[in-house]
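Structural features, examined
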Amino acid sequence: MVRTVHSLRRFTAVLFALGFLIQTQTAFAAPCECKDIPSFKRRIQEVTRYLEAWRSVLADCYSDNPPKDFQQTKQRFDKYAFGGERPPDVKDAGKVNPVDTQVTPEFEQMYCDTIVKAVKDVHEGDHNTFMWIHALPILVGVSFGNPYTTLIRNTALTEVEAHTAEKEFLEQELAKLEERCKGNWKCRCNQQMYPSAVACAGSCPRATLSCIAPTCLEIDPKTGKWTGKGM
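Residues numbered from 1 in each chain as written. Predicted model: local features only at pLDDT ≥ 70, side-chain atom pairs only at ≥ 80, totals over all residues. Heavy atoms only, no water.

**Some points on the state of the cysteines**
A complete count under the given rule lists four disulfides for this structure. Through a disulfide, Cys187 is tied to Cys204; the S-S separation comes to 2.0 Å. Every disulfide takes its handedness from the sign of the S-S torsion; for Cys187 and Cys204 that torsion is 65°, giving right-handed. In this pair, Cys187 sits in strand 3 (residues 185-187) while Cys204 sits in the loop between helix 8 (197-203) and strand 5 (216-219), placing the two residues 17 residues apart along the sequence. A sulfur-sulfur separation of 1.8 Å characterises the disulfide bridge that pairs Cys189 with Cys211. The sign of the S-S torsion, about -90°, decides the handedness of the disulfide formed by Cys189 and Cys211: left-handed. Here Cys189, found in the loop between strand 3 and strand 4 (193-194), pairs with Cys211, found in the loop between helix 8 and strand 5; they are 22 residues apart in sequence, far enough to count as distant. Among the residues examined, Cys189 registers a relative accessible area of 25% and is labelled partly exposed. Assessed through its relative accessible area of 7%, Cys211 is described here as buried. (Disulfide = S-S within 2.5 Å. Helix = DSSP H or I, 4+ residues; strand = E, 2+ residues; numbered from the N terminus. Buried < 20%, exposed > 50% of the residue type's maximum accessible area, 1.4 Å probe, protein only.)

So, in structure tokens, the structure goes:
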């Protein structure tokens with residue numbers, strides 16, 4: 001009975017230990033627009049670097065020199081991702097637990113809503129799914145095998161899966177955004193982009209009190225800002 005209680009306690013700790021991130025309240029991210037395309041590309045590069053780092057950590061877990069605890073696991077990740085210690089300006093973006101998923105206010109203020117969704121719903125959501133799907137094997141490994149080996153391997157595995165899911169989602173959403181942003185005329189009533197003023201005028205809804213004229217605005221593709229021309 002005592003062994004069972006201890007096992008359940010350790011298993012509960014597993015659910016919270018698979019992601020060592022900080023739980024905070026969140027703000028509201030702005031909708032993604034054409035000007036956010038560079039941010040998408042930077043984030044994809046960042047996620048790709050983290051994914052490759054976690055793949056290396058996972059490979060280490062099955063090598064002759066595996067990380068012995070969570071501190072060593074984090075150090076291995078930092079070495080592969082940053083070449084050494086983690087830079088002080090690099091902060092974790094989200095948090096997962098068995099109840100919900102969250103992102104930090106700093107991350108939500110830095111990026112538009114789709115990039116935030118990639119962390120909150122896709123990445124952290126994948127962690128949540130992983131924990132429940134693998135709950136029984138993890139419990140067995142913790143109770144009857146080597147607890148640290150079980151936890152560390154599953155930590156690395158869930159990070160690989162979550163970063164893969166986040167990267168694929170961001171790449172798909174970037175492709176959609178780039179397609180939508182091929183033109184340089186924006187309809188302020190539906191937020192869509194069109195290749196010409198005529199095409200915009202033909203598809204943009206009529207002006208209303210909530211969407212005043214001019215309804216079609218010319219957007220500078222370099223800055224993402226209105227040039228002052230409209231119709």
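Still more to cover.
**What to know about the sheet that holds strand 5**
The four strands lie next to each other as 4-3-5-6, forming an open sheet whose pairing is antiparallel. Both outer strands of the open sheet, strand 4 and strand 6 (226-230), are each paired with one neighbouring strand and no more. Direction of pairing for strand 3 relative to strand 4: antiparallel, over a ladder of two bridges. Bridge pairing in strand 4 links Trp185 to Tyr194. (Pairing = 2+ DSSP bridges.)

**Thoughts on the confidence of the model for the chain**
Within the chain, residue pLDDT values average 81, and 83% of them lie at 70 or more. Summarising per-element confidence for the chain, the mean pLDDT is lowest in helix 1 (residues 2-17) (46) and highest in helix 2 (residues 37-61) (95). For residues 1-5, every residue scores under 50 in pLDDT, and the model assigns this stretch two contacts once sequence neighbours within four places are set aside. A low-confidence stretch, residues 11-27 (pLDDT under 50), is modelled with 51 contacts involving residues beyond four sequence positions or located in other chains. (pLDDT = per-residue confidence, 0-100. Contact = heavy atoms within 4.5 Å.)

**What to know about the layout of surface pockets**
Each pocket or cavity is described by its volume, and for the second largest pocket that value is around 180 Å³. Classifying every residue of the lining of the second largest pocket gives seven nonpolar, four polar and three charged. (1 Å grid on protein atoms, 1.4 Å probe; cavity = no way out; pocket = protein on both sides within 12 Å on 5 of 7 lines; lining within 4 Å. Points joined across faces, edges and corners; volume = space filled by probe spheres on them. Nonpolar A, V, L, I, M, F, W, Y, C, P; charged D, E, K, R; others polar.)

**Here's the deal with helix 5 (residues 113-133)**
In a regular helix each residue adds 1.5 Å, so 21 residues correspond to 30 Å; helix 5 covers 28 Å between its end C-alpha atoms and thus fits that length. Bending of helix 5 peaks at approximately 30° at the position of Gly125. (Expected span 1.5 Å × (residues − 1). Bend = angle between axes of the 7 residues up to and from the residue.)

**As for the packing of aromatic side chains**
Counted according to the given criterion, the structure contains five aromatic pairs. When the centroid spacing of 6.1 Å and the interplanar angle of 90° are considered together, the rings of Phe77 and Phe82 count as edge-to-face. Aromatic pair Phe107 and Tyr111: ring centres 4.8 Å apart, planes at 45°, arrangement tilted. By relative accessible area, which is 7% here, Phe107 ends up buried. An aromatic cluster is built from Tyr50, Trp54, Phe77 and Phe82, whose rings are joined through pairwise contacts. (Phe/Tyr/Trp six-rings, centres within 6.5 Å; stacked < 30°, edge-to-face > 60°.)

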